[in-house]
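Structural description and commentary
Next come the chains, spelled out residue by residue.
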Amino acid sequence: MTPETEVLRSDCANCAGLCCVAFAFDRDQGFGYDKAPNDPCKHLDAACRCAVHDNRKSHGMTACALYECYGAGQYVVQALFDGQSWQDDPAHFGPMTEAFRELARIHTELALLRQAERLALPAGPMAELNNLIRQLAPEDGWTLSDLAARPAGQLVKASRRFLADLKSHLT
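Residues numbered from 1 in each chain as written. Predicted model: local features only at pLDDT ≥ 70, side-chain atom pairs only at ≥ 80, totals over all residues. Heavy atoms only, no water.

Looking at the overall build of the protein chain
Of regular secondary structure, the protein chain possesses 8 helices and 0 strands. In the protein chain, the succession of α and β elements from N to C terminus is α-α-α-α-α-α-α-α. Relative to its length of 171 residues, the protein chain is compact, with a C-alpha radius of gyration of 17 Å against a globular reference of 16 Å. The principal-axis extents of the C-alpha atoms in the protein chain amount to approximately 50 × 35 × 25 Å. Of all 171 residues assigned to the protein chain, the portion counted as buried reaches 40%. Looking at the protein chain as shown, the accessible area adds up to about 9,300 Å², and 52% of this sits on carbon and sulfur atoms. Here the protein chain contributes 17 positive and 22 negative side-chain charges, whose respective centroids are spaced 7 Å apart. (Helix = DSSP H or I, 4+ residues; strand = E, 2+ residues; numbered from the N terminus. Rg over C-alpha atoms; globule rule 2.2 N^0.38 Å. Buried < 20%, exposed > 50% of the residue type's maximum accessible area, 1.4 Å probe, protein only. Areas by Shrake-Rupley, 256 points an atom, 1.4 Å probe, with all protein chains shown as cover. Lys, Arg positive; Asp, Glu negative; His and termini not counted. Charge placed at Lys NZ, Arg CZ, Asp CG, Glu CD.)

Structure, rendered in structure tokens:
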């Protein structure tokens, strides 16, 4: 696996505010206002940083503090777009936000499966777990064409089925 896929925690300094752009915000879910997907958050500054980070609660943005991309943001910016931002080149906007949405799902599953690795599982389920991890974290890393060819949906479904079935192996 590549080092980028093994860093399963956010590094906002090496991202481009992708979570603040790619996802929709819903006031009823702990955001200060409603926002459509692919609209930059009104609190995102010119450097792709949160201008209200230290005062998110007072701006109604409590849900932001709960979100973890598990490294998907910096992977998209650094590994897939060579350190460039959607602000550097507007042509990157659509591909970056789509790649981020896919990799955020993939990295969330990887984080869950990495937790499952700590369990004392029989050989069969452990082999299945390792296979899922290899699929979610390919040895050569992800490319934009890989993400387009293998959308996260099927991988996430397989991971969720596996995780749901784990209870039958636990005592």
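Some points on the packing of aromatic side chains
For any pair of aromatic rings, the description rests on two quantities: the centre-to-centre distance and the angle between the ring planes. One pass over the full model with this rule turns up 5 aromatic pairs. Between the aromatic rings of F23 and F100, the centroid separation amounts to 5.3 Å while the plane-to-plane angle is 55 degrees, which identifies the pairing as tilted. Separated by 77 residues along the polypeptide, F23 in the loop between α2 (19-22) and α3 (62-66) and F100 in helix α5 (residues 93-116) bring together distant segments of the chain. Ring geometry for F25 versus F31: centroids 4.3 Å apart, planes at 5 degrees, classification stacked. Both residues of the pair, F25 and F31, belong to the buried class. Chaining the aromatic ring pairs together yields one cluster made of F23, Y67 and F100. Between K42 and the ring centre of Y33, over which it is positioned, the NZ or CZ distance is 4.5 Å. (Phe/Tyr/Trp six-rings, centres within 6.5 Å; stacked < 30°, edge-to-face > 60°. Lys NZ or Arg CZ within 6 Å of the ring centre and 35° of its normal.)

Regarding the nonpolar core
Within the largest apolar cluster, 46 residues are counted, with the highest numbers of intra-cluster contacts made by L18, V76, L80, W86, F100, L103 and I106. Elements supplying a minimum of two residues to this core: α2, α4 (72-80), α5, α6 (123-136) and α8 (152-165). In terms of residue count, α5 provides more of this core than any other element does, 10 residues in total. Leaving out residues up to four positions away in the same chain, L103 has contacts with A72, Y75, V76, L80, W142 and L147. (Core = buried A, V, L, I, M, F, W, Y, C linked by side-chain atoms within 4.5 Å. Contact = heavy atoms within 4.5 Å.)

A closer look at the packing of α4 against α5
Between α4 and α5, the shortest axis-to-axis distance is 8 Å and the interhelical angle comes to 130 degrees. The orientation of α4 with respect to α5, classified from their angle, is oblique. Where α4 crosses over α5, the handedness of that crossing is right-handed. Taking contact as the criterion, the partners of A72, G73, Y75, V76, V77 and L80 in α4 are, on α5, M96, A99, F100, L103, A104 and H107. Partitioning the contact of α4 with α5 into residue classes produces 10 nonpolar, 2 polar and no charged. (Axes fitted to C-alpha atoms, helices over the stretch in contact; angles between N-to-C directions. Parallel < 35°, antiparallel > 145°, perpendicular 65-115°, else oblique. Left-handed = near helix turned anticlockwise from the far one by under 90°. Nonpolar A, V, L, I, M, F, W, Y, C, P; charged D, E, K, R; others polar.)

As for the packing of α5 against α6
What describes two packed helices is the angle between their axes and the distance between those same axes. The geometry of α5 relative to α6 is characterised by a closest axis approach of 10 Å and an angle of 155 degrees between their N-to-C directions. For the element pair α5 / α6, the angle class is roughly antiparallel. In the crossing of α5 with α6, the sense of the turn from one axis to the other is left-handed. Every residue of α6 that contacts α5 at I106, E109, L110, L113, R114 and A116 is listed here: L129, L132, I133 and L136. Split into classes, the residues belonging to the contact of α5 with α6 amount to 8 nonpolar, no polar and 2 charged.

Some remarks on the state of the cysteines
One pass over the structure, following the stated rule, counts 0 disulfides. As a non-bridged cysteine, C20 has C19 as the owner of its nearest cysteine sulfur, 4.0 Å distant. Take C20: its relative accessible area is 16%, and that puts it in the buried class. With no disulfide of its own, C69 lies closest to C15 among cysteine sulfurs, the gap being 6.1 Å. C69 sits in the buried class, given a relative accessible area of 7%. (Disulfide = S-S within 2.5 Å.)

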